[in-house]
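Chain residues, written in single-letter form:
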Amino acid sequence: MKVAISIKSFFEQLTNNYFLLPIIGIFALFISCSEKSKNAKTYLIEAESALIDGNYALAKLKIDSIKELFPQSFDEINKGFELMQQVRMAENRRNIVYCDSILTVNNQIINKMLNSFTYVRDPQYQEFGDYVPKIYPLNTSFNQNGLRSAVNEKGQMYIESVFSGNTLQHNRIKVATKDGSFAESLSVTTDGLNYRFRTLNSTYEIVRFSGNNDNGVAKFIYTFKEESIILSFIGSKTTVITLPEIAKKAIVQSFELSTLLLDIEKLKYEKGRSEALIKYLESR
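Residues numbered from 1 in each chain as written. Predicted model: local features only at pLDDT ≥ 70, side-chain atom pairs only at ≥ 80, totals over all residues. Heavy atoms only, no water.

For the rest of this paragraph, the subject is the confidence of the model for the chain. Scored by pLDDT, the chain comes out at a mean of 86, with 84% of its residues at no less than 70. Note on residues 1-8: pLDDT is under 50 here. Beyond four places in sequence and across chains, it has zero contacts. (pLDDT = per-residue confidence, 0-100. Contact = heavy atoms within 4.5 Å.)

Next up on the list: the sheet that holds strand 5 (residues 172-176). Across the sheet, which stays open at both edges, the four strands sit in the order 6-5-9-10 with antiparallel pairing between neighbours. With one partner strand each, in any of the chains shown, strand 6 (182-184) and strand 10 (238-242) form the two edges of the open sheet. Along the sheet, successive strands turn relative to each other by an average axial angle of 15°, direction set aside. Both strand 5 and strand 6 contribute to a ladder of three bridges, which runs antiparallel. If you follow K174 over to strand 6, its bridge partner there is E184. (Pairing = 2+ DSSP bridges. Helix = DSSP H or I, 4+ residues; strand = E, 2+ residues; numbered from the N terminus. Axes fitted to C-alpha atoms, helices over the stretch in contact; angles between N-to-C directions.)

Here we come to unusual backbone geometry. Phi is positive for Q169, close to 55°, though the residue is something other than glycine. With respect to the secondary-structure elements, Q169 resides in the loop between strand 4 (157-165) and strand 5. On the accessibility criterion, Q169 (47% relative accessible area) is partly exposed. Positive phi values are uncommon outside glycine, yet N215 reaches one of about 55°. Mapped onto the elements of the fold, N215 is located in the loop between strand 8 (203-210) and helix 5 (217-223). Residue classification places N215 among the partly exposed positions, given a relative accessible area of 41%. (Buried < 20%, exposed > 50% of the residue type's maximum accessible area, 1.4 Å probe, protein only.)

Here the structure, examined in full by the defined rule, presents six aromatic pairs. Consider the rings of F163 and F233, whose centres lie 5.2 Å apart with planes at 50°: the pair is tilted. Here F233 lies in strand 9 (residues 230-234) and F163 lies in strand 4, a separation of 70 residues in the sequence. Each of the two residues, F163 as well as F233, counts as buried. A cation sits over an aromatic face here: K174 above F182, 4.5 Å from the ring centre. (Phe/Tyr/Trp six-rings, centres within 6.5 Å; stacked < 30°, edge-to-face > 60°. Lys NZ or Arg CZ within 6 Å of the ring centre and 35° of its normal.)

Quick look at the side chain of T177 now. With respect to the helices and strands, T177 occurs in the loop between strand 5 and strand 6. T177 gets classed as buried once you look at its relative accessible area, which sits at 5%.

Structure follows, in structure tokens:
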């Protein structure tokens, strides 16, 4: 209490002297800066602790807070910048370990799944080959109207509608269940994806739907794989059939393979991105 009274008395004496008021301001500013420096150091210590604990999000938050709350604490800001590099390095190393662990599991699953597919590639025209379901061999794909599917090496799935008989000039398909739920493709008019040819006995129309043109058709078939699905070929007129069970199973297999391959490609990208960031941080 004596110390407190002495300090209070000191300030009272100072305030009674007009010429000493600037000194009060300087003294108060000194105390304020010291307190800010102390708090900035506290944030830095907490960021270091979060880094050690592997809580990288918290560590980055604490470091960013130093710049926002204590813009004059230059030493702590600079140390925070150095610490942020360590956080990013550790975060990307952890990301690589995670990607490697998931890739190992996914590759084991892929190897089993590919037993149900035939790999087809024409080196003259294709950069990447296709995985075609064995359940629906290509040499029988023109024997009945319906759908066939395949997945390329990068995970991109496509569905082809095959229609033979009278000229229909179809460029869309629709799949529906008995309760009225449905998915309908977009129109495909691009040459090479929508083509027709004739034989001595019949006319064939084949339209390929992939990417945006699929418009959810493959996912719909996968979702309602246990139900009867009505397939409509839509062109100058519409022809409706029940989607053959074998075609449905092939599309389900293709959809599962596509989903897993796309996940693997995403993991490879994330791993490569982390490796590149680590090289960049090491070079600084």
